[in-house]
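Per-entry structural report
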Amino acid sequence: MFTNKEKTIKIIEKSIEKSLVYSNEGEVASYIPELANVNPTDFALSIVYVDGQEYKFGDYNKIFSIQSISKVILLIMALNDNSINEVFEKVDTEPTKYKFNSLIPIDNIAANPFINAGAITISSLIKGKDLNEKFNRTFDKIKKLSNSDKISFLEEIYKSEMDTTDVNRSISYYLRSKKIFSLDAEEVLDLYIRNCSIGINSTDLAHIGALLANGGKDLESGVEIISKDSVRIVLSQMASCGMYEESGRFLLEVGIPSKSGVSGAILGVVPGKCGICVYSPKLDKSGNSVVGKNLLKILSNDLDLNIFV
Ligand code: GLU
C-alpha cells in the first residue's frame, strides 16, 4: 500500500509533527481514578495497511485500556450471536448530542451501540452460559481479530471502574427497568466494564482496523473472519456515532469512520486501505483525544484518506 514508501513516511512524520502542536491541550480522563495515572505525554501512531505493511511511531508497544473501542468488538460479537433485527430492535442507530454516559437517550431503546447505554444493551446480547464464558469469548475474539498474544486484562482499571461506576450502574438498572433486557443488571454491567478494561497497544488495534478495512477478510489468507454484513454495520456506525457528540463534525472534517475511547485512543478505518490507531491520553470535553483527532484530520488530508473525496 506504500506506493512510494519513503515519500509516505515523510508525509506521516510531518503530519505527526503538525499534530503535536496540540499536545498542550486537553486533560487526561479522571472519572475512572486509575485512568488518571497514565503518562499524559505518551504518544503512539500505528497504521496497518490491508496488504499487511505497517507504519509504527512512538509508544506503539504501550498497553492502554481499550475503553470504548471495545464497543466495536461487542457489536461484532452481538451481530455474530443474534440476527441484525434482534440487535437493532434493542439499540437504535442514531447519533446523539448527549454525553456518552448520559441516561437521556434511553427511551425504549438506547441511541446507538457506541455510547454506554447502547453498549451495555449490546453486552446483554452476548451469548454464553455465565459471565466468565461471555467475557472469555469477547476476550478471545479481540485476540483473534488483532492476531496478537499481547492482549491482557487490566485488573486495576477494572477494579477502579467497578468501584466508581455509579452512572453506568444506573444505566444498566434503568435499561432493565425498561425491559430492554431481562438479565441481571450487575452481570451485564460487569461484562461491559470487563470489556472496557482489556489492555491492548496501538498496533494491535490498528490490525483490527485493517481487518475491517479489508472487508473482514484476514490480511494474509483472505479467509473471512468478520461477516460482510457486520463490517458494513460496524463501519457505518463508526462513521455516524463513533466520536461521541462530535461525530458529525469529525465526519465532516476528517471523513474516516472512527471510534474513540476515553483512555485516549482513536481507531480509524479507511475501507480498502488501512486501519489507523492513534494513542494520546489528553482528551477534549467530548472525550476524544485532542492530538488523536487532530492527527487523523491532518493524515486524512495529507495522505488523501477521506472516504468521500
Ligand atoms: N469505561 C468507560 C465508561 O463506561 C468507557 C467510556 C468510553 O471510552 O467512551 O465510562
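The structure we're discussing is the one just above.
So, here is what we can say about the structure in this document. Everything numeric here is computed off the predicted structure, so don't read it as measured data. (Residues numbered from 1 in each chain as written. Predicted model: local features only at pLDDT ≥ 70, side-chain atom pairs only at ≥ 80, totals over all residues. Heavy atoms only, no water.)

Okay, the sheet that holds strand S5 (residues 152-153) next. Taken in spatial order, the three strands of this open sheet run S4-S6-S5, and their pairing is antiparallel. With one partner strand each, in any of the chains shown, strand S4 (64-65) and S5 form the two edges of the open sheet. Summarising the sheet, S5 and strand S6 (residues 198-200) pair through two bridges and their orientation is antiparallel. Among the inter-strand pairings, serine 152 is bridged to a residue of S6, identified as glycine 199. (Pairing = 2+ DSSP bridges. Helix = DSSP H or I, 4+ residues; strand = E, 2+ residues; numbered from the N terminus.)

A few words on the site of the ligand. The local shell around the ligand holds 14 residues, among which Tyr31, Gln67, Glu161, Tyr192 and Tyr244 are the closest. Tyrosine 244 is positioned such that a nitrogen or oxygen atom in its side chain is 2.5 Å from an oxygen atom of the ligand. Its free accessible area being 300 Å², the ligand has 100% of it covered by the protein chains. In a pocket analysis with a 2 Å cut-off to the grid points, the ligand is assigned to the largest cavity. (Near = heavy atom within 4 Å. Polar contact = N/O pair within 3.5 Å; in protein donor to acceptor, adjacent residues only side chain to side chain. Areas by Shrake-Rupley, 256 points an atom, 1.4 Å probe, with all protein chains shown as cover. 1 Å grid on protein atoms, 1.4 Å probe; cavity = no way out; pocket = protein on both sides within 12 Å on 5 of 7 lines; lining within 4 Å. Sits in = over half its atoms within 2 Å of the grid points.)

Checked against the element boundaries, aspartate 284 lands in the loop between strand S10 (282-283) and helix H12 (290-302). There is a polar contact of 3.0 Å between the side chain of aspartate 284 and the backbone nitrogen of glycine 287. Discounting residues that sit within four places of it in the chain, aspartate 284 has contacts with Glu246, Val290 and Lys293. (Contact = heavy atoms within 4.5 Å.)

Within the element layout of this structure, isoleucine 109 appears in the loop between helix H3 (84-88) and helix H4 (116-123). Expressed as a C-alpha distance, the spacing of isoleucine 109 and lysine 159, which sit 50 residues apart in the sequence, is 29 Å.

Before going further, it helps to examine helix H1 (residues 5-19). Between the first and last C-alpha of H1 there are 21 Å, a value that for 15 residues agrees with the 21 Å anticipated at 1.5 Å per step. Residues of H1 that are buried: Thr8, Ile12, Ser15, Ile16 and Ser19. Looking straight down H1, one finds that the buried residues subtend no more than 100° of arc, so they occupy a single side. The exposed residues of H1 that point more than 90 degrees off its buried face are Glu6, Lys7, Lys10 and Glu17. Taken together, the buried residues of H1 touch strand S2 (44-49), strand S3 (54-58) and H12. (Expected span 1.5 Å × (residues − 1). Buried < 20%, exposed > 50% of the residue type's maximum accessible area, 1.4 Å probe, protein only. Arc of directions from axis to C-beta.)

A cluster of nonpolar side chains, namely Ile307, Phe308 and Val309, defines an oily patch on the protein surface of about 340 Å² accessible area. Looking at where phenylalanine 308 falls in the secondary structure, it is placed in the segment after H12. Taking relative accessible area as the criterion, phenylalanine 308 reaches 55% and is therefore assigned exposed. (Patch = residues over 30% accessible without salt bridge, like charges linked within 9 Å, V, L, I, M, F, W, Y side chains within 5 Å. Salt bridge = Lys/Arg side-chain N within 4 Å of Asp/Glu carboxyl O.)

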